[in-house]
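Structure at a glance
Spelled out, the chains give:
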Amino acid sequence: GMYKNATNAVSFATGGVQRLKIGSSGKATFYDGIAFDSGETLDSYEEGSWTPAVNQSWTHSGNSTNNRYTRIGNVVHIWGHLDNLSNGSGTADLTITGLPFTVAHSAVGGDVMFKTVDFYSKANNISVYVNTSENLYFFESASTYTWTKVSTADLAGTADDIYFSLTYETDA
């Protein structure tokens, strides 16, 4: 059942055992049997959109429908779509900024799909990478077994599309 206890918290119980408590601060504490360890709290849940920015004056027509995030505790899942990338100035590592939350630890983890991007002739692995400076990069591995960042020079300059997803840990 549901009951209010003396500390201005609302608690939920089954079989006479407290399973969930929502304290006066608004934080929920889950107890054994609810997929969390005893006493752990879920201190953040958020969904929304974010606006990725591309370096070197490159522009895109991405929209918030495809650029989304979900944050659960300190884990952030992002999805992005850079649609119709257009020529910018200069060449440099293709860098995406504007992540919705700070990055606690550099990480590799996610998927990427490109259209009209010119990779090395024998690229055999493409990965999404984010660092603690909140820069997101795409790396390719060629037959030389080295990792190379995808560069703005690899883009055709018209109608380039990049879809990607990434999971990272935040300290925000």
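Every value quoted in this text rests on a predicted model; they were computed, and no experiment measured them.

Scanning the chain from terminus to terminus reveals zero helices and 16 strands. Across the 172 residues of the chain, 35% fall into the buried class. Pairs at least 24 apart in sequence give 57% of the contacts found in the chain among residues at least 6 apart. Counting every atom, the chain has about 9,300 Å² of accessible surface; 49% of that belongs to carbon and sulfur.

Only one face of strand 2 (residues 10-14) is covered, namely the one carrying S11 and A13; the face carrying V10, F12 and T14 has none of its residues buried. Bridging between strand 2 and strand 3 (residues 17-22) involves five bridges; their strand directions are antiparallel. When the bridges of strand 3 are listed, V10 appears paired with I22.

What follows covers unusual backbone geometry. Even without a glycine there, the phi angle at E134 is positive, about 65°. As for its position among the elements, E134 is in the loop between strand 13 (125-130) and strand 14 (136-141).

Here we come to the sheet that holds strand 6 (residues 45-49). What the five strands build is an open sheet, ordered 6-8-9-16-12; its pairing is antiparallel. Every other strand in the sheet has two partners, leaving strand 6 and strand 12 (110-115) as the edge strands with one partner each. Neighbour-to-neighbour, the strand axes of this sheet turn through a mean angle of 10°, independent of strand direction.

If you look at the biggest cluster of nonpolar residues, it comprises 24 residues, and the most contacted ones within it are I78, L136, F138, F164 and Y168. Those elements giving two or more residues to this core turn out to be strand 9 (75-85), strand 13, strand 14 and strand 16 (160-169). Excluding residues that lie within four positions of it along the chain, F138 makes contacts with L94, I96, V112, F114, S127, V128, T148, K149, V150, I162 and F164.

This part is about the packing of aromatic side chains. Scanning all chains against the criterion turns up seven aromatic pairs. Between Y137 and F139 the ring centres are 6.5 Å apart and the planes differ by 70°, which places this aromatic pair in the edge-to-face class. When the ring of F139 is compared with that of W147, the centres are 6.5 Å apart and the planes differ by 80°; the resulting orientation is edge-to-face. Looking at W147, the relative accessible area reads 47%, which means it is partly exposed. A network of ring pairs unites the aromatic residues W50, F114, F138 and F164 as a single cluster. Over the aromatic face of W79 sits the side chain of R68, whose NZ or CZ is 4.7 Å from the ring centroid. The residue whose ring lies beneath K149 is Y137, and the NZ or CZ to ring-centre distance is 4.1 Å.

Conventions we followed
- Residues numbered from 1 in each chain as written.
- Predicted model: local features only at pLDDT ≥ 70, side-chain atom pairs only at ≥ 80, totals over all residues.
- Heavy atoms only, no water.
- Helix = DSSP H or I, 4+ residues; strand = E, 2+ residues; numbered from the N terminus.
- Buried < 20%, exposed > 50% of the residue type's maximum accessible area, 1.4 Å probe, protein only.
- Contact = heavy atoms within 4.5 Å.
- Areas by Shrake-Rupley, 256 points an atom, 1.4 Å probe, with all protein chains shown as cover.
- Pairing = 2+ DSSP bridges.
- Axes fitted to C-alpha atoms, helices over the stretch in contact; angles between N-to-C directions.
- Core = buried A, V, L, I, M, F, W, Y, C linked by side-chain atoms within 4.5 Å.
- Phe/Tyr/Trp six-rings, centres within 6.5 Å; stacked < 30°, edge-to-face > 60°.
- Lys NZ or Arg CZ within 6 Å of the ring centre and 35° of its normal.

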